[in-house]
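One-letter residues, chain by chain:
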There are 2 protein chains.
Amino acid sequence: MPESSDVGVLEDAAYREAVVDLLAAIAYGEISAFERLAEDAKLAPTLSDKLAVARMACHEFAHVELLQSRIEELGADPYAAMAPFQTALDQFHEHTAPSDWYEGLVKAYVGDGLAADFYREIAAYLDPRTRDVVIASLADSGHSAFVIDRVQAAIAENPRLSGRLALWGRRLMGEALTQAQRVAGERDALSALLAGGVDRPALDLAAIGRMFARITELHAERMTKLGLDA
Amino acid sequence: MPESSDVGVLEDAAYREAVVDLLAAIAYGEISAFERLAEDAKLAPTLSDKLAVARMACHEFAHVELLQSRIEELGADPYAAMAPFQTALDQFHEHTAPSDWYEGLVKAYVGDGLAADFYREIAAYLDPRTRDVVIASLADSGHSAFVIDRVQAAIAENPRLSGRLALWGRRLMGEALTQAQRVAGERDALSALLAGGVDRPALDLAAIGRMFARITELHAERMTKLGLDA
């Protein structure tokens, strides 16, 4: 999308509403990721592992301010904007509370990865300034390497762990889809974003299908990197 | 202390050991502050309050890396160095688990303030480079203002709260002293730091007395700012 269409698109109230929704969903996602990671840090077997997870938690949280400012620039109140997403995200976390350190690690990597892939796909349909904010808020900064290292080492030591964690990965994917569908059903503006509008390309059903195929494939790649069956 | 004495002082093994102890105690203190604040964030009455406390948590955590690097520069392993302080700090937090949002806020402000005052006093006896690291790790960046605002407003609305929170402040002070004494008893190098050494000024008993008088006074000032009797 060329820079020049930026202002035009933002004058479209439906588009602006959808973008605020999207930014708010990502922001609340990062807040709840912060909370869960801070909780998971307690399960860490060593102080060094605890610090690594606490660092991940703060890294997620650091993005919130960026998203908040963009929501304010678009004339909305960030807290009011986030409220509609609390239930879905809180329920995702409630339904996927890790029962041990390794489930927590897999969840941090697989869950964040899924969310990031999904938002990156949507980012392609956004005005440039919002797209930059979204992409910046999804930066990983090497946390994946930590999780992969720890999970692979644990599986090498205890091969039976891989069956349990593979099931866990599938459950995370299932829960994420369930909650995403719930949000799509409740937030019309957000869903309409993918259907396009004046000045904006639409996603037809085939394109949506391809998008989900890409997300599923990237999920499978992550599971493979962990040494797990997708 | 002039810059030139920096190297000389660091060649003193007892001094180095004491400095590593001090940096490790501060670092573990910031880690456990992070954990407790992340926990307290759950008690927040609004999303905006939750974010304010999560921001405080990450702010504390951000200092850990600086302290870790200085410990490594001094040739020690940061995790091994922190281990001796876990019990005292964990017990401090166990004995002062806030029973509600306001106790959490008062604890964050009063507890951090006490620790910062104490470390700032000790910093005067350190080599310049270490002193800079310690001072940087104690920066507040406006969180106090948030706590003062919220606690004053709550007391204005419910004056009976002030009696309970005043008692709470005294208990925090008592627990902090108990654990500080415990650490002083266990860590000879750290205690010896205050007793001076070659090239370093010593604190006599009168000076230690004055130091505690200053710390107590600053504590009372904080309680007053909150609208509480010290």
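Residues numbered from 1 in each chain as written. Chains lettered and ligands numbered in written order. Predicted model: local features only at pLDDT ≥ 70, side-chain atom pairs only at ≥ 80, totals over all residues. Heavy atoms only, no water.

A. Just the overall build of chain A, in detail. The secondary structure content of chain A amounts to ten helices and zero strands. Ordered by position from the N terminus, the helices and strands of chain A form the series α-α-α-α-α-α-α-α-α-α. Each principal axis of the C-alpha atoms in chain A carries an extent, and together these give about 55 × 35 × 30 Å. The buried share of chain A, reckoned over its 230 residues, is 51%. Counting contacts in chain A only where the partners sit at least 6 residues apart, residues at least 24 apart contribute 81% of the total. Put simply, chain A shows about 10200 Å² of open surface, and 56% of that area lies on carbon and sulfur atoms. (Helix = DSSP H or I, 4+ residues; strand = E, 2+ residues; numbered from the N terminus. Buried < 20%, exposed > 50% of the residue type's maximum accessible area, 1.4 Å probe, protein only. Contact = heavy atoms within 4.5 Å. Areas by Shrake-Rupley, 256 points an atom, 1.4 Å probe, with all protein chains shown as cover.)

B. Structural detail: the side chain of Lys50 of chain A. As for its placement among the helices and strands, Lys50 of chain A is situated in helix H3 (residues 47-73). Excluding its chain neighbours within four sequence positions, the residues that come into contact with Lys50 of chain A are Ala41, Lys42 and Ala44 of chain A together with Ile31 and Glu35 of chain B.

C. The pattern of salt bridges, seen in detail. Applying the stated criterion across every chain yields a total of 32 salt bridges over all chains. Arg120 of chain B is the partner of Asp117 of chain B in a salt bridge, and the nearest nitrogen-oxygen pair spans 3.5 Å. With a gap of three residues between them, Asp117 of chain B and Arg120 of chain B both fall in helix H5 (residues 101-123), about one helical turn apart. The class for Arg120 of chain B is partly exposed, based on a relative accessible area of 39%. Taken together, the salt bridges that share partners define one network made up of Glu39 and Lys42 of chain A together with Glu39 and Lys42 of chain B. (Salt bridge = Lys/Arg side-chain N within 4 Å of Asp/Glu carboxyl O.)

D. Here's a closer look at the interface of chain B and chain A. With 22 residues of chain B at the interface, the matching set in chain A holds 22 residues. Summed over both partners, the interface of chain B with chain A buries about 2000 Å², with 72% contributed by carbon and sulfur atoms. For the pair chain B and chain A, the number of links is six salt bridges. The shortest N-O distance in the salt bridge between Glu39 of chain A and Lys42 of chain B comes to 2.6 Å. Those elements that place two or more of their residues in the side of chain B that touches chain A are helix H2 (13-40), helix H3 (47-73) and helix H4 (78-95) of chain B. Per-element accounting of the side of chain B that touches chain A gives the leading share, twelve residues, to H3 of chain B. Of the residues belonging to the side of chain B that touches chain A, the class tally is 13 nonpolar, three polar and six charged. (Buried area = accessible area lost by both parts, 1.4 Å probe. Nonpolar A, V, L, I, M, F, W, Y, C, P; charged D, E, K, R; others polar.)

E. Seen up close, the packing of aromatic side chains. Within this structure, the stated rule accounts for five aromatic pairs over all chains. With 5.7 Å between their ring centres and 50 degrees between their planes, Phe118 of chain A and Tyr119 of chain A make a pair best called tilted. Plain terms: the ring middles of Phe34 of chain B and Phe61 of chain B are 5.3 Å apart, the flat faces sit at 50 degrees to each other, and that makes the pair tilted. Remark: Phe61 of chain B occurs in helix H3 and Phe34 of chain B occurs in helix H2; sequence separation between them is 27 residues. Classification of Phe34 of chain B by relative accessible area gives buried; the value is 1%. Taken together, Phe34 and Phe61 of chain A together with Phe34 and Phe61 of chain B form an aromatic cluster joined through their ring pairs. (Phe/Tyr/Trp six-rings, centres within 6.5 Å; stacked < 30°, edge-to-face > 60°.)

F. Highlighting the confidence of the model for chain A. Per-residue pLDDT for chain A averages 88, and the proportion of residues at 70 or more is 93%. Taken together, the chains of this predicted complex give a pTM of 0.86 and an interface ipTM of 0.83. (pLDDT = per-residue confidence, 0-100.)

G. Inspection of helix H8 (residues 161-186) of chain A at higher detail. The first and last C-alpha atoms of H8 of chain A sit 38 Å apart over 26 residues, in line with the 38 Å expected at 1.5 Å per residue. Those residues of H8 of chain A that are buried lie in contact with helix H4 (78-95), helix H5 (101-123), helix H7 (143-157), helix H9 (188-194) and helix H10 (205-226) of chain A. (Expected span 1.5 Å × (residues − 1).)

H. Inspection of the relation of the copies chain B and chain A at higher detail. Once turned by 180 degrees and shifted 0.0 Å along the axis, chain B lies on chain A with an RMSD of 0.0 Å. Taken together, the rotation angle and the small translation identify this as a two-fold axis. No C-alpha of chain B lies nearer the rotation axis than that of Cys58 of chain B, which sits 2.7 Å from it. A symmetric contact is evident, with 100% of the interface residues of chain B recurring at the interface of chain A. (Least-squares fit on C-alpha atoms with pLDDT ≥ 70 in both.)

I. Up close: the environment of Leu126 of chain B. Within the element layout of this structure, Leu126 of chain B appears in the loop between H5 and helix H6 (128-137). When the C-alpha atoms of Leu126 of chain B and Leu190 of chain B are compared, they prove to be 12 Å apart, with 64 residues separating the residues in sequence.

J. Representation of the packing of H5 of chain A against H7 of chain A in the model. All names here are of chain A. Look at H5 against H7: their axes get within 10 Å of each other, and the N-to-C directions meet at 140 degrees. As H5 packs across H7, the resulting crossing turns out to be left-handed. Residue-level inspection shows Trp101, Tyr102, Leu105, Val106 and Tyr109 of H5 in contact with H7, the latter providing Ser144, Phe146, Val147, Ile148, Arg150, Val151 and Ala154. A per-class count over the contact of H5 with H7 returns ten nonpolar, one polar and one charged. (Axes fitted to C-alpha atoms, helices over the stretch in contact; angles between N-to-C directions. Left-handed = near helix turned anticlockwise from the far one by under 90°.)

K. Up close: the environment of Gly8 of chain A. Residues and elements named next belong to chain A. Within the secondary structure, Gly8 sits in helix H1 (residues 5-11). Looking at Gly8, the relative accessible area reads 36%, which means it is partly exposed. In the structure, Gly8 is positioned 167 residues away from Glu175 in sequence and 37 Å away in space, judged by C-alpha atoms.

L. Up close: the environment of Tyr28 of chain A. Looking at the element boundaries, Tyr28 of chain A is found in helix H2 (residues 13-40). For the pair Tyr28 of chain A and Gly142 of chain A, spaced 114 residues apart in the sequence, the C-alpha separation amounts to 22 Å. In contact with Tyr28 of chain A, other than residues within four places in its own chain, are Met82, Phe85, Gln86, Leu89 and Asp90 of chain A together with Leu47 of chain B.

M. Inspection of the packing of H5 of chain A against H8 of chain A at higher detail. Residues and elements named next belong to chain A. Relative orientation of the contacting elements H5 and H8 amounts to 40 degrees, with a least axis distance of 10 Å. The pairing of H5 with H8 is recorded here as oblique in orientation. Seen along the crossing, H5 lies across H8 with a hand that is right-handed. For the pair H5 and H8, the contacting residues are Tyr102, Glu103, Val106, Lys107, Val110 and Leu114 in the first and Leu161, Arg164, Leu165, Trp168, Leu172, Met173 and Ala176 in the second. Across the contact of H5 with H8, the residue classes tally to ten nonpolar, no polar and three charged. (Parallel < 35°, antiparallel > 145°, perpendicular 65-115°, else oblique.)

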